[in-house]
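These are the residues of each chain, in order.
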Number of protein chains: 2
Amino acid sequence: MSATAKKLLVDVHSHVYLPRYASLLRSRSSVPKICSVTTSDGIPQERLLILNHEPSGGRPVGSQYWDREEKLKFMDKHGIDVSIVSTANPWLDFLSAPDAQLLASELNNDLEQYCSTSPRTSNCNYAIKRLYGFGLLPLVPEITTSAALDIVSQITQLPHLRGLIMGTKGIGRGLDDAALDPVWDAIEKAQLVVFLHPHYGVNAEVWGEENNGHVLPLALGFPFETTIAATRIILSGVLDRFPSLRLLLAHSGGALPALSSRLASCIDHDPIVASRLKHDARYYLGKLYLDAVAYGPEELGFASDVIARADRYNPQSSSTPVLSRSIGSKRMLFGTDHPFFPPLTSTEKWKSVVENLEAIDRVQGWSQEDRDGVCGANALALFNLIQ
Amino acid sequence: MSATAKKLLVDVHSHVYLPRYASLLRSRSSVPKICSVTTSDGIPQERLLILNHEPSGGRPVGSQYWDREEKLKFMDKHGIDVSIVSTANPWLDFLSAPDAQLLASELNNDLEQYCSTSPRTSNCNYAIKRLYGFGLLPLVPEITTSAALDIVSQITQLPHLRGLIMGTKGIGRGLDDAALDPVWDAIEKAQLVVFLHPHYGVNAEVWGEENNGHVLPLALGFPFETTIAATRIILSGVLDRFPSLRLLLAHSGGALPALSSRLASCIDHDPIVASRLKHDARYYLGKLYLDAVAYGPEELGFASDVIARADRYNPQSSSTPVLSRSIGSKRMLFGTDHPFFPPLTSTEKWKSVVENLEAIDRVQGWSQEDRDGVCGANALALFNLIQ
């Protein structure tokens, strides 16, 4: 890999509501939906509601959610060379099986088009486009396995789609559902990256009665949901059965790194599960990929510690386990969560992006090469962007 | 403080169901309750059920849950000099206001007796007993403020009670309820330590349909609940209004350290709360105390990073902020969670305790003095055990 390629900035956590999807949301009368309102200043505005009982009547949405030019402008402003774009939550979760299947196929083609017709990255010797995508699977109740596998196959054949984004519901019973094994198998064989992303959080009663805007469901509910989903995947043995599965967890894995030793201890002390898995729970964290969307250098450093220590729990490890944040950094990848988290007041660059870049820059124990890896080189390798 | 005193091992997370409380649980027909069953081997057994729909018909309980001699034997076996004992969840949450008030008063007197008649610590020059306690407040719906304040006053007057244990419900609306301000005020003035402990977790549907024993609610639900409660406390401005409150979070603060930069970012980006607090959310983590019940050295090191970095967000800080795990270690305290997490097979020492001690021993960046602090000296100071 050339030094030039290593310096690319690649955003693996970047969302879009493709025009076809936005039209669908506009046509709906229940969440998820986009509705037109008039602000108190008399200005027409579209607002997005994705959850029931959403505070503040949803959030304002505009062209940054669907227009590719806006995505490219955002990328230019922040020095992002390449984005791996994914449909934002709640994906197809609310559709019937036939509708989900049709729309998955159409949106995957749309996203392929969105990416394949994007400009070439200029800051690089390779023939890399500026946009690649995560496709969508029609994972809804009553979908047949063969229908889901057809879409995995479709994604595999669309050259600019390099993975798929997945919520936590599976086909209604979560991602620890044994019925998903053929899907995991196909995804593993196709070497597609699964971007595991939250939407539902936990029950809203736990947030209490005070008006804290979106803070609690976003800051806590989202990472809790990802943590639960990944833990259930681990507990169900999916990573024993599909050890080459490439799972990328949103928001740096949420609370999973911080609770992984407690998880290992709880498993050890519970007769129902103590003998079920091949490895200590902490082993599996070394199989995961984490985006670097955690907003602080200590969080990123810790996540890389947790990935690195997984080797301690690997009986096949030939070397003396060494805790090195460099090892952990190899599985971490820069992301922005664009177009979410826009600054409240207009700024040259988005604070959320600047914070995540600064966090990468300030992790103690990461070399410049590690930082370059997290910023781009890891993604180039994971998504096979340069051969 | 003498070198001898520094070497004491103090357990700040140690539970008891006092005989009066165990009798109450035996008398009940709905959870929480203790029921008598006969095992498949024909052996009579008592089982504790504290949550609805608890898997495996609850857990076996015996004298280790109420007998002081068993507590002392456990302490001797593990080299624990002093334990700060607390009633286990769900405390008085299920009682009417009059019953909760009466029982709080009675159980606080019982616990004072339990501690005051305990032996003196031999491994020390000071007149320290082996047992101290966290009292109980009657925090249930419809309790009057004056009734709650009466019990704060009672606890303050019982010399072996040095704090109180608190669940997350408050008087029914959580700990961000402004009605609790007089209680926080009294607790702050009395310099009592509030041990914030989970019980309810989150909605059980998120754990799915697979039988994973108690793993998910214990490994994830408990820390999630603590994280939510502490975050709601921060968001409500309690720590701005009562900056000297001594809050000790169970299980090393759950997911709060790992999600604190995300929390700060979500607050910054939400118009409802962006201007509410005096400080960045991360500032308040430096005001907290965390037990060291996280089962891994990386977790403890990270938690101490997060406490230490709080000073970066303190505009009054006179010194250049230095990230030092030593600073963070001063607010972390060894705990066992005894009598929970007994080993599945008989062992000389409990694995859960050994793991937590080894974790303290292996944190990178902690000096021997820091480790001694986490093991005991921090608790001696926080609970005013040596003057």
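An unreviewed UniProt entry annotates chain A as Amidohydrolase-related domain-containing protein of Laccaria amethystina LaAM-08-1. Under the UniProt heading Sequence similarities (unreviewed entry), the note attached to chain A is "Belongs to the metallo-dependent hydrolases superfamily."

Draft legend 1. Representation of the overall build of chain A in the model. What chain A contains, in helices and strands, is 14 helices and 11 strands. Taking 21 Å as the expected radius of gyration for a compact globule of 387 residues, we find that chain A reaches 20 Å, a close match to that expectation. Overall, chain A is about 65 × 50 × 45 Å in size when its C-alpha atoms are taken along their principal axes. Taking all 387 residues of chain A together, 62% fall into the buried category. Considering only residue pairs separated by 6 or more positions, chain A has 73% of its internal contacts joining residues 24 or more positions apart. Working note: accessible area of chain A is about 14000 Å², and carbon and sulfur atoms make up 49% of it.

Draft legend 2. A look at the sheet that holds strand E9 (residues 246-249) of chain A. Residues and elements named next belong to chain A. In spatial order, the strands read E1-E5-E6-E7-E8-E9-E10-E11; together these eight strands make up an open sheet with parallel pairing. On the outer flanks of this sheet lie strand E1 (10-16) and strand E11 (332-333), each paired with one strand and no other. Relative to strand E8 (residues 193-196), strand E7 (residues 161-166) runs parallel, the two sharing four bridges. The residue of E8 that forms the bridge with methionine 166 is leucine 196.

Draft legend 3. Representation of the interface of chain B and chain A in the model. Counting residues at the interface gives 69 residues for chain B and 69 residues for chain A. Across the chain B to chain A interface the summed buried area is about 5800 Å²; carbon plus sulfur atoms make up 61%. For the interface between chain B and chain A, the tally reads eight salt bridges. Arginine 309 of chain A serves as the salt-bridge partner of glutamate 298 of chain B, at 2.7 Å between the closest nitrogen and oxygen. Connecting chain B to chain A are 21 residue pairs in polar contact (both at pLDDT 80 or more). The biggest single contributor to the side of chain B that touches chain A is helix H7 (residues 215-235) of chain B, with 13 residues.

Draft legend 4. Layout of the relation of the copies chain B and chain A. Of the transformation placing chain B onto chain A, the axial shift is 0.0 Å and the rotation is 180°, giving an RMSD of 0.0 Å. Read as a symmetry element, the transformation amounts to a two-fold axis.

Draft legend 5. Spatial organisation of the pattern of salt bridges. Under the counting rule described, the total for this entry stands at 34 salt bridges over all chains. Here aspartate 110 of chain A makes a salt bridge to arginine 20 of chain A, at a shortest N to O gap of 2.7 Å. Of this pair, aspartate 110 of chain A sits in helix H4 (residues 97-116) while arginine 20 of chain A sits in helix H2 (residues 19-26), placing them 90 residues apart in sequence. On the basis of relative accessibility, which here comes to 35%, the residue arginine 20 of chain A falls in the partly exposed class. Across the salt bridge formed by arginine 26 of chain A and glutamate 46 of chain A, the nearest N and O atoms sit 2.7 Å from each other. Here arginine 26 of chain A, found in helix H2, pairs with glutamate 46 of chain A, found in strand E3 (residues 44-49); they are 20 residues apart in sequence, far enough to count as distant. On the accessibility criterion, arginine 26 of chain A (36% relative accessible area) is partly exposed. Within the structure, one salt-bridge network assembled from shared partners comprises Glu298 and Glu299 of chain A together with Arg309 and Arg312 of chain B.

Draft legend 6. How the structure looks around the layout of surface pockets. As a volume, the largest pocket reaches approximately 1100 Å³. Around the largest pocket, the lining comprises 46 residues; the ones closest to its centre are Leu51, Tyr200, Gly201, Val202 and Asn203 of chain B. Counting residues per element, the lining of the largest pocket draws most heavily on H7 of chain B, which supplies nine residues. Partitioning the lining of the largest pocket into residue classes produces 19 nonpolar, 16 polar and 11 charged. Within this model, the second largest pocket holds a volume of roughly 680 Å³. Among the elements that make up the lining of the second largest pocket, the one with the highest residue count is helix H7 (residues 215-235) of chain A (five residues). Partitioned by chemical class, the residues of the lining of the second largest pocket number 15 nonpolar, 11 polar and five charged.

Draft legend 7. Fine view of unusual backbone geometry. Following asparagine 89 of chain B, the chain continues to proline 90 of chain B via a peptide bond in cis, the omega torsion being 5°. Following the sequence through the fold, proline 90 of chain B ends up in the loop between strand E5 (82-87) and helix H4 (97-116). Residue proline 339 of chain B is reached from histidine 338 of chain B by a cis peptide bond, and omega for that bond is 5°. Positionally, proline 339 of chain B belongs in the loop between strand E11 (332-333) and helix H13 (351-362). Of note in the backbone geometry, glutamine 191 of chain A takes a positive phi value of approximately 55° without being a glycine. Its place among the elements puts glutamine 191 of chain A in the loop between helix H6 (181-190) and E8.

Draft legend 8. Up close: the sheet that holds strand E4 (residues 59-61) of chain A. Residues and elements named next belong to chain A. Pairing is antiparallel across the open sheet formed by three strands, whose spatial order is E2-E3-E4. The sheet terminates laterally at strand E2 (33-38) and E4, the two strands that pair on one side only. The sheet shows a mean angle of 45° between the axes of neighbouring strands, taken without regard to direction. Contacts between H2 and the sheet are confined to E2 and E3, with E2 contributing the most and set at about 65° to the helix.

Draft legend 9. A look at the confidence of the model for chain A. On average, chain A scores 94 in pLDDT, and the residues at 70 or more come to 96%. Contacts of residues 1-6 of chain A to residues separated by more than four positions or lying in other chains number 15 contacts, the stretch itself having pLDDT below 50.

Draft legend 10. Spotlight on the nonpolar core. Of all hydrophobic cores here, the largest spans 271 residues; its most connected members are Trp184, Ile187 and Phe383 of chain A together with Trp184, Ile187 and Phe383 of chain B. Once residues lying within four places of it in the same chain are set aside, the contact partners of phenylalanine 383 of chain B are Val12, Ile84, Phe134, Arg162, Val193, Leu248 and Leu333 of chain B.

Draft legend 11. Highlighting the pairing of strand E7 (residues 161-166) of chain B. All names here are of chain B. Burial runs high along E7: five of the six residues are buried. As paired elements, strand E6 (residues 131-136) and E7 share four bridges and run parallel to each other. Within E7, the position partnered with glycine 135 by the bridge is leucine 164. Once the chain exits E7 it traverses helix H6 (residues 181-190) before rejoining the sheet at strand E8 (residues 193-196), and the crossover so formed is right-handed.

Draft legend 12. Looking closely at the side chain of aspartate 181 of chain A. Residues and elements named next belong to chain A. Within the fold, aspartate 181 resides in helix H6. On the basis of relative accessible area, aspartate 181 is assigned to the buried category, the value being 18%. In this structure aspartate 181 touches Arg241 and Phe242, once residues within four positions along its chain are discounted.

Draft legend 13. Representation of the packing of aromatic side chains. For the structure shown, the criterion picks out 22 aromatic pairs over all chains. Judged by centre distance (6.4 Å) and plane angle (45°), the ring pair of tyrosine 65 of chain A and tryptophan 66 of chain A falls under tilted. Ring centres of tyrosine 21 of chain B and phenylalanine 94 of chain B lie 6.4 Å apart, and the angle between their planes is 65°; this geometry places the pair in the edge-to-face category. Here phenylalanine 94 of chain B lies in the loop between E5 and H4 and tyrosine 21 of chain B lies in helix H2 (residues 19-26), a separation of 73 residues in the sequence. Accessibility expressed as a relative area gives 0% for tyrosine 21 of chain B, which makes it buried. Through a chain of ring-to-ring contacts, the aromatic side chains of Tyr17, Tyr21, Tyr65, Trp66, Phe94 and Phe340 of chain A assemble into a single cluster. Here arginine 26 of chain B stacks its cationic end above the ring of tryptophan 66 of chain B, 4.8 Å away from the centre of that ring. Sitting over the ring of tyrosine 289 of chain B, arginine 331 of chain B keeps its end group 4.5 Å from the ring centre.

Draft legend 14. Representation of the environment of histidine 214 of chain B. Secondary-structure assignment places histidine 214 of chain B in the loop between E8 and H7. Linking histidine 214 of chain B and proline 198 of chain B, residues 16 residues apart in sequence, is a C-alpha distance of 15 Å.

Procedures and definitions
- Every chain is numbered independently, its residues counted from 1 as its sequence is written.
- Chains and ligands are labelled sequentially in the order written, the chains with letters from A and the ligands with numbers from 1.
- pLDDT decides what is reported in this predicted model: residues at 70 or higher carry local features, side-chain atom pairs at 80 or more are listed and counted, and totals for whole chains, interfaces and linings draw on all residues regardless.
- Side-chain descriptors were evaluated using all non-hydrogen atoms of the structure, hydrogens and water having been removed beforehand.
- UniProt positions are given in the numbering used here, feature names are shortened, and annotations may be inferred rather than shown by experiment.
- Only runs of H or I of at least four residues qualify as helices and only runs of E of at least two qualify as strands under DSSP, and these elements are numbered from the N terminus.
- Taken over C-alpha atoms, the radius of gyration is set against a globule rule of 2.2 Å times the number of residues to the power 0.38.
- Note on classification: 1.4 Å probe, protein chains only; a residue is buried when its accessible area is under 20% of the maximum for its type, exposed when over 50%, partly exposed between these limits.
- Throughout, a contact is declared for two residues whenever any of their heavy atoms are within 4.5 Å.
- Using the Shrake-Rupley algorithm and a 1.4 Å probe, accessible areas are obtained, with residue cover drawn only from the displayed protein chains.
- Only strands that DSSP links by at least two bridges are regarded as paired with each other.
- Two parts placed together each lose some accessible area under a 1.4 Å probe, and the buried area is that loss summed for both.
- Here, a salt bridge means any side-chain nitrogen of Lys or Arg that lies within 4 Å of a carboxyl oxygen of Asp or Glu.
- Any N or O atom pair separated by 3.5 Å or less is treated as a polar contact, with the protein-specific requirement of one donor-capable and one acceptor-capable atom, and with residues adjacent in sequence counted only for side-chain atom pairs.
- Copy-to-copy superposition: least squares on the C-alpha atoms, limited to residues that have pLDDT of at least 70 in both copies.
- Only protein atoms enter the calculation, which uses a 1 Å grid: trapped sets of points that fit a 1.4 Å probe without letting it out are cavities, open sets showing protein on both sides within 12 Å along at least five of seven lines are pockets, and any residue with an atom within 4 Å of a point is a lining residue.
- Grid points are joined across faces, edges and corners, and a volume is the space filled by probe spheres set on the points.
- In this classification, Asp, Glu, Lys and Arg are treated as charged, Ala, Val, Leu, Ile, Met, Phe, Trp, Tyr, Cys and Pro as nonpolar, and every other residue, Gly included, as polar.
- For every element, the axis is a line fit to its C-alpha atoms; helices are fit only across the contacting stretch, and the angle between N-to-C directions ranges from 0 to 180 degrees.
- pLDDT expresses, on a scale from 0 to 100, how confident the predictor is about each individual residue.
- Put simply, a nonpolar core is a bunch of buried Ala, Val, Leu, Ile, Met, Phe, Trp, Tyr and Cys residues held in one set by side-chain atoms that sit within 4.5 Å of each other.
- Crossovers are marked right-handed if the path from the first strand over the helix to the second runs clockwise, as seen with the strands pointing away from the viewer.
- Centre distance within 6.5 Å is the pairing criterion for rings of Phe, Tyr and Trp, where only the six-membered ring of Trp is used; planes under 30 degrees apart are then read as stacked, over 60 as edge-to-face, and the remainder as tilted.
- For a Lys NZ or an Arg CZ to count as sitting over a ring, it must be within 6 Å of the ring centre and within 35 degrees of the ring normal.

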